[in-house]
Number of protein chains: 2
Amino acid sequence: MNPRTFSFIGGDAGSWKVVSNKAVVGEGLSDVAYLNFGLSTTFSSPQTSSSSWILRGVTSNVRYATREEVTELRAKQAGLNRPGALCGVLIPIKKNDAWWALTQDERRAIFEEQSHHTSIGIEYLPAIARQLHHCRDMTESQPFDFLTWFEFHQDDTPHFDSLLARLRKTKEWTFVDREVEIRVINVAAGDSKM
Amino acid sequence: MNPRTFSFIGGDAGSWKVVSNKAVVGEGLSDVAYLNFGLSTTFSSPQTSSSSWILRGVTSNVRYATREEVTELRAKQAGLNRPGALCGVLIPIKKNDAWWALTQDERRAIFEEQSHHTSIGIEYLPAIARQLHHCRDMTESQPFDFLTWFEFHQDDTPHFDSLLARLRKTKEWTFVDREVEIRVINVAAGDSKM
């Protein structure tokens, strides 16, 4: 197993209780009560009886960011699993064929110069932590191209809502064929994380 | 199965007879008599008894080329499986961690502005046909990051040798951690392809 593979397992049990599950563009994902998220190697044999769906993705090298942007991101961003950051959001996205037929310079121009994807995200650091997983080049056919996972403190929910609203108005988002938004609350964290 | 997944199967039988198998950088691949190559979906159940190794990769979107470069490539390049193009070469490559830690602009600058990877390749079109497969973000751990497959007419072998020699002298190649070169001859093509 690729050591950078992560699984998102929707089912009857898990560390994250589902608060909402919304189809934003195209087909949604079936309703589940809980979400489990972690390195795929930690889920040795997911119980198919209690899981409705499994999404997998791999963390990978940056595809668009420049050195200047990465330096700013790293200086400001927070990691996952912070005490108190008990709100999680999973946003699976599939982009259309027109996006993937673009050349590297064309995708970069839409992603950043026209849509300001990275610079908008930086405005919400460190409050909104984020981990991107790529699915497009995995061995199995995947229903999405990307799985983005966010973690933040409940008080920062309005900031997260603002981040989402701004990204969804960009030119980049006109290439989104399918998007789902699943909001969850961490129910496994002990008092030490509150 | 991802419909863009290709398999390279080394073993006792196949459409391509192995002429040479050379470790260029790092560990080689075990000697085999034949190579099979094609969409993974066409190899329903590879005979493990007759296959020594299987490498898999997926064709994907371009990672570095600009619109101008892609337009020139498409105008000049030839497809695979041309009549008479009976020489095949498989070059599996793994790049080091330093390469993957670079940002997109840094990798592009080394790949093209400093190493002229695309512009060198264009000089050998249409004689040398090429198909690139990505392995780094597949679900299973893969021994290589890329599998590049070349096809050409036997008379163009000196041109292919020149292409290889020039690429191996570039700055980009200083990031190559492992490289194998397997040369094969098509033994399945009928007289119509000769």
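Residues numbered from 1 in each chain as written. Chains lettered and ligands numbered in written order. Predicted model: local features only at pLDDT ≥ 70, side-chain atom pairs only at ≥ 80, totals over all residues. Heavy atoms only, no water.

Tell me about the overall build of chain A, residues and numbers included.
Helix and strand counts for chain A stand at five helices and eight strands. For chain A, the α and β elements follow one another from N to C terminus as β-β-β-β-α-β-α-α-α-β-β-α-β. For chain A, the C-alpha radius of gyration of 16 Å lies close to 16 Å, the compact-globule estimate for 194 residues. For chain A, the C-alpha atoms occupy an extent of roughly 45 × 35 × 30 Å along the three principal directions. By the burial criterion, 52% of the 194 residues in chain A qualify as buried. When contacts within chain A are restricted to residue pairs at least 6 apart in sequence, those whose partners lie at least 24 apart make up 79%. Carbon and sulfur atoms make up 52% of the accessible area of chain A, which amounts to about 8,800 Å² in all. Charge separation in chain A, taken as the distance between the mean sites of 22 positive and 24 negative side-chain charges, equals 2 Å. (Helix = DSSP H or I, 4+ residues; strand = E, 2+ residues; numbered from the N terminus. Rg over C-alpha atoms; globule rule 2.2 N^0.38 Å. Buried < 20%, exposed > 50% of the residue type's maximum accessible area, 1.4 Å probe, protein only. Contact = heavy atoms within 4.5 Å. Areas by Shrake-Rupley, 256 points an atom, 1.4 Å probe, with all protein chains shown as cover. Lys, Arg positive; Asp, Glu negative; His and termini not counted. Charge placed at Lys NZ, Arg CZ, Asp CG, Glu CD.)

A description of the relation of the copies chain A and chain B should follow, citing residues and the corresponding values.
Once chain A is rotated about the relating axis by 180 degrees and shifted along it by 0.0 Å, it coincides with chain B to within an RMSD of 0.0 Å. Taken together, these values place the two copies in the relation of a two-fold axis. The C-alpha atom lying nearest the rotation axis in chain A is that of Met 138 of chain A; the distance is 2.0 Å. The residues that chain A uses at the interface reappear at the interface of chain B in 100% of cases, marking a shared surface. (Least-squares fit on C-alpha atoms with pLDDT ≥ 70 in both.)

Requested: an account of the interface of chain A and chain B, with residues and values cited.
Contact with chain A, which involves 30 residues of that partner, is made by 30 residues of chain B. Interface area for chain A against chain B, summed over the two sides, is near 2,600 Å², with a carbon-plus-sulfur share of 39%. In terms of surface lost to chain B, no three residues of chain A exceed Arg 67, Asp 137 and Thr 139 of chain A, which account for 26% of the buried area on that side. Remark: the boundary between chain A and chain B carries six salt bridges. Across the salt bridge formed by Arg 4 of chain B and Asp 137 of chain A, the nearest N and O atoms sit 3.0 Å from each other. The interface formed by chain A and chain B includes 31 residue pairs in polar contact (both at pLDDT 80 or more). Mapped by element, the contributors of at least two residues to the side of chain A that touches chain B are helix 1 (67-76) and helix 3 (104-114) of chain A. Ranked by residues supplied to the side of chain A that touches chain B, first place goes to helix 3 of chain A with four residues. Counted by class, the side of chain A that touches chain B contains 11 nonpolar, 10 polar and nine charged residues. (Buried area = accessible area lost by both parts, 1.4 Å probe. Salt bridge = Lys/Arg side-chain N within 4 Å of Asp/Glu carboxyl O. Polar contact = N/O pair within 3.5 Å; in protein donor to acceptor, adjacent residues only side chain to side chain. Nonpolar A, V, L, I, M, F, W, Y, C, P; charged D, E, K, R; others polar.)

I'd like a description of the packing of aromatic side chains, backed by residues and values.
Summed over the entire model, instances satisfying the criterion amount to 22 aromatic pairs over all chains. Ring plane angle 85 degrees and centroid distance 4.9 Å describe the contact between Trp 16 of chain A and Trp 149 of chain A, whose orientation is recorded as edge-to-face. Taken together, the residues span a long stretch of sequence, with Trp 16 of chain A in strand 2 (residues 16-25) and Trp 149 of chain A in strand 7 (residues 146-152) at a distance of 133 residues. Given the relative accessible area of 6%, Trp 16 of chain A is considered buried. Considering the side-chain rings of Tyr 64 of chain B and Trp 99 of chain B, the 6.4 Å spacing of their centres and the 70 degrees angle between planes classify their relative orientation as edge-to-face. With Tyr 64 of chain B in the loop between strand 4 (51-58) and helix 1 (67-76) and Trp 99 of chain B in helix 2 (residues 97-101), the pair connects residues that are 35 residues apart, well separated along the chain. Taking the relative accessible area as the measure of exposure, Trp 99 of chain B reaches 0% and is therefore buried. Grouping aromatic residues by their ring pairs yields a cluster made of Phe 6, Phe 8, Trp 16, Phe 37 and Trp 149 of chain A. A cation sits over an aromatic face here: Lys 95 of chain A above Trp 99 of chain A, 3.9 Å from the ring centre. (Phe/Tyr/Trp six-rings, centres within 6.5 Å; stacked < 30°, edge-to-face > 60°. Lys NZ or Arg CZ within 6 Å of the ring centre and 35° of its normal.)

Tell me about the environment of Ser 141 of chain B, residues and numbers included.
With respect to the secondary-structure elements, Ser 141 of chain B resides in the loop between strand 6 (129-134) and strand 7 (146-152). Overall, the relative accessible area of 43% leaves Ser 141 of chain B in the partly exposed class. When the C-alpha atoms of Ser 141 of chain B and Trp 173 of chain B are compared, they prove to be 22 Å apart, with 32 residues separating the residues in sequence. Here the side chain of Ser 141 of chain B touches Met 1 of chain A through a polar contact of 2.9 Å, landing on its backbone oxygen.

Explain the environment of Trp 53 of chain B to me, and be specific about the residues and the numbers.
All names here are of chain B. For Trp 53, the location among the structural elements is in strand 4. Counting along the chain gives 107 residues from Trp 53 to Phe 160, while the straight-line C-alpha distance between them is 25 Å. Separated by 3.0 Å, the side chain of Trp 53 and the backbone oxygen of Ser 30 make a polar contact.

Could you give an account of unusual backbone geometry, with specific residues and numbers?
Residue and element names in this part refer to chain A. At the junction of Leu 125 and Pro 126, the peptide bond is cis and its omega measures out at 0 degrees in the coordinates. The residue Pro 126 is located in the loop between helix 4 (117-123) and strand 6 (129-134) in this model. Non-glycine residue Asn 81 carries a positive phi angle of around 65 degrees. On the secondary structure map, Asn 81 appears in the loop between helix 1 and strand 5 (87-95). Residue class for Asn 81 comes out exposed when judged on its relative accessible area of 55%. Positive phi values are uncommon outside glycine, yet His 116 reaches one of about 55 degrees. If you trace the backbone, His 116 turns up in the loop between helix 3 and helix 4.

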